[in-house]
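Spelled out from the first residue to the last, the chains are:
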Amino acid sequence: TSNEGLACITDLENGAPQQNVEVTFYNDEFAKIGETSTNKDGIAYLDNIKAANYASIEGNGHLGLTALHWGSDVSARDFGLYQNYYSEGPSLFSYVYTDRPVYRPDQEVFFKGILRENDDLHYTLSESDQVYVVIDQWGETIFSDYVNVNEQGSFSGKVKLASDVSLGEYSIYVYAGSTSEAPIGYVGFNIAEYKKPEFEVSVAADKINILAGETVNFGLDAVYYSGGNVPNAQANWFVESSTFYFTPSGKYSQYSFMDWDRDMYWSPQKRANIDVQEEKEGVTDENGHLDFSETFEAGENKVSQQMGIHANVTDVAGNEVSGGTSVVVHQSEVYAGIRSERYIGTQGESQSFNVVVLDWEAQPVAEQAISVSFVERRWYSVQQKDEQGQMHWETSVEEIPVSKQDAVTGADGTVRVDFIPPKGGVYKALVTVRDSKGNTHQASTYIWVASDGEISWRQTNDRAFSLIADKEMYTPGETAEILIAQPFEGKVYALVTYERGHIYKQEVILLEGNS
């Protein structure tokens, strides 16, 4: 990290940790910043050193050197992990906001900021008594000055906009001192010549949730703010569709309502798939009202869709005002969700899965038949030589059906099914529900299974492997169990670190088998 250095020294032939080896740490300019000896686990650790970038060992006819950036292009983000915790020790951070997002020329912009020291997400009051604030648009500065910070760690100010100020987007930057340093806070706002519309356009639907193939009736109303309707006005509207993902909150948030490949991706590959349909036209009646209807069919992919209805109305004076609403077109009358009680298991031991069936309002559906198919995801990895003579992995996966269970939900809309994995590897549990009209919905979850034998995990060309936690979320005091799905056979040593903004724990363990 920015103020810690850790190196692990192993025997080049067998990987065994090397004790009592002198390790020297260097910064990015290769200046020596610290020395220490390895412990029984072959680990050399120093804190309170700044920006350790290199580590070296030398002696007994041996020389070893490693660099922080020599990672075979492997980084935390490759595993779906946010990695912006590291900073130069405790650093200043400012949250900035304005009283509103848009202003007219000749108005005042009020801003306020909160200043804190951030040490790995532990926030404390700063000793700084002022910050430097700059407001500009593409390098053209309209304000720059030092602003005092009060004893509660906040600051505020205002800027009077000129009557001829340029329109567009502006940025407020907060600096700890000189502008030559990176800003510690930022917020944007807009300056526009806007005026309140003369009238309001609203669009209402008789149904906001429908099954694919059904028709929705819409009512459009245009009303002047000063009173009265907008009669005989030209109206046009269009429909914009995008994929809808059913994601209930609360106690159902831990269930998966999608079918996606968790052994290939770290998060669902959600795509909006936005499509705009043909524009249609109409005219409001003497009451400023217009009725129209739309029939929404299932899309090509037979998935649920969010339909946005966007309408524009133009009055006799040429003023155009927009309004709209949205409708969800569901692929099925019900949705099935599934979750693993644990994401890791052991060959031959029963593993439990919970299934829930919900309606469109996320209410449980009792006495609903479901089926759960268990499939082994068996990976095949072969090394091939490319045109430059470099070796790389080519992988493929085979889905092998293992078993299938039928069940019916109880009064709370849930049911539990159990599965005994016959061997180690990756397994998908796929739940299918069929509604009263024959429409289906599917969702899946996964389980990684350890065994005594060797398992063919998916190989990648960046020399990375997967760590699988038994749950997605923990509370303080709970113990997380981790499956190390590494590719090597036999006994191998592994350096395990527990870190975020700091290295909180480190150890070397001996792995027997690759699961």
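Please refer to the structure placed before this passage.
Each chain has its residues counted from 1, running along the sequence as written. Local features in a predicted model are, by the rule used here, given only for residues with pLDDT of at least 70; side-chain atom pairs are given and counted only at 80 or more, and totals for whole chains, interfaces and linings are based on all residues. With hydrogens and water excluded, all non-hydrogen atoms of the structure serve as input to the side-chain values.

With respect to the nonpolar core
Move 1: Buried Ala, Val, Leu, Ile, Met, Phe, Trp, Tyr and Cys residues that are joined via side-chain atoms within 4.5 Å together make up what is termed a nonpolar core. Each residue's exposure class comes from its accessible area (1.4 Å probe, protein chains only) as a fraction of the maximum for that residue type: buried when under 20%, exposed when over 50%, partly exposed otherwise. Phe-218, Leu-220, Phe-292, Phe-296, Ile-309 and Val-313 are the most contacted members of the largest nonpolar core, which has 23 residues in total.
Move 2: Put simply, the parts of the chain that give this core at least two residues each are β16 (199–205), β18 (215–224), β19 (234–243), β22 (289–295), β23 (305–314) and β24 (320–330).
Move 3: What Ile-309 contacts, discounting residues up to four positions off in sequence, is Val-203, Phe-218, Phe-238, Val-239, Phe-292, Phe-296, Gly-323, Gly-324, Thr-325, Ser-326 and Val-327.
Move 4: Counting 22 residues, the second largest nonpolar core, distinct from the first, contains Val-131, Val-147, Leu-161 and Tyr-170. Strands here mean DSSP runs of E at least two residues long; helices mean DSSP runs of H or I at least four residues long; both are numbered from the N terminus. Any two residues whose heavy atoms approach within 4.5 Å are treated as being in contact.

Quick word on the sheet that holds strand β12 (residues 140–148)
Move 1: The rule for pairing is simple: two strands pair if DSSP sees at least two bridges between them. One open sheet accounts for 5 strands, arranged β8-β15-β14-β11-β12; its pairing is mixed. Pairing within the sheet leaves two strands with one partner each, and these edge strands are β8 (102–103) and β12.
Move 2: With 7 bridges joining them, strand β14 (residues 168–175) and strand β15 (residues 185–191) adopt antiparallel strand pairing. Paired with Ser-171 across the two strands is Gly-188, which belongs to β15.

A few points about the pairing of β23
Move 1: Within β23, 7 of the 10 residues are buried, which leaves it mostly tucked inside the rest of the structure.
Move 2: Judged from the 10 bridges that link them, β19 and β23 form a sheet pairing that is antiparallel. Residue pairing in the sheet places Trp-237 in a bridge with Ala-311 of β23.
Move 3: Here 10 bridges tie β23 to β24, and the two strands are oriented antiparallel to one another. If you follow Gln-306 over to β24, its bridge partner there is Val-328.
Move 4: Connecting the antiparallel pair β23 and β24 is a turn made up of 5 residues, with Gly-318 showing a positive phi of about 90°.

Points about unusual backbone geometry
Move 1: With a phi angle near 75°, Asp-106 is a residue other than glycine that sits in the positive phi range.
Move 2: Counting through the fold element by element, Asp-106 comes out in the loop between β8 and β9 (108–119).
Move 3: Its identity is not glycine, yet Ala-362 carries a phi of approximately 65°, on the positive side.
Move 4: Take Ala-362: it is sitting in the loop between β27 (351–358) and β28 (369–385).

Comments concerning a nonpolar patch on the surface
Move 1: The patches described consist of residues with a relative accessible area above 30% and no salt bridge, like charges being joined within 9 Å and nonpolar side chains (Val, Leu, Ile, Met, Phe, Trp, Tyr) within 5 Å. Per-residue accessibility takes into account occlusion by the displayed protein chains alone, with areas from the Shrake-Rupley method and a 1.4 Å probe. When a carboxyl oxygen of Asp or Glu lies within 4 Å of a side-chain nitrogen of Lys or Arg, that pair is called a salt bridge. A cluster of nonpolar side chains, Phe-93, Tyr-95, Tyr-97, Ile-114, Leu-121 and Tyr-123, forms an exposed patch at the surface whose accessible area comes to about 560 Å².
Move 2: Ranked by residue count, the leading element in the nonpolar patch is strand β7 (residues 91–98), at 3 residues.
Move 3: Relative to the assigned elements, Leu-121 resides in the loop between β9 and β10 (122–125).
Move 4: In this structure Leu-121 comes out as partly exposed when scored by relative accessible area, which is 39%.

Overview of the environment of Met-391
Move 1: As for its placement among the helices and strands, Met-391 is situated in strand β29 (residues 391–408).
Move 2: For Met-391, a relative accessible area of 45% gives the class partly exposed.
Move 3: Residues Met-391 and Asn-461, spaced 70 residues apart in sequence, show a C-alpha to C-alpha distance of 9.0 Å.
Move 4: Beyond its immediate stretch of four places on either side in the chain, Met-391 contacts Gln-383, Gln-384 and Lys-385.

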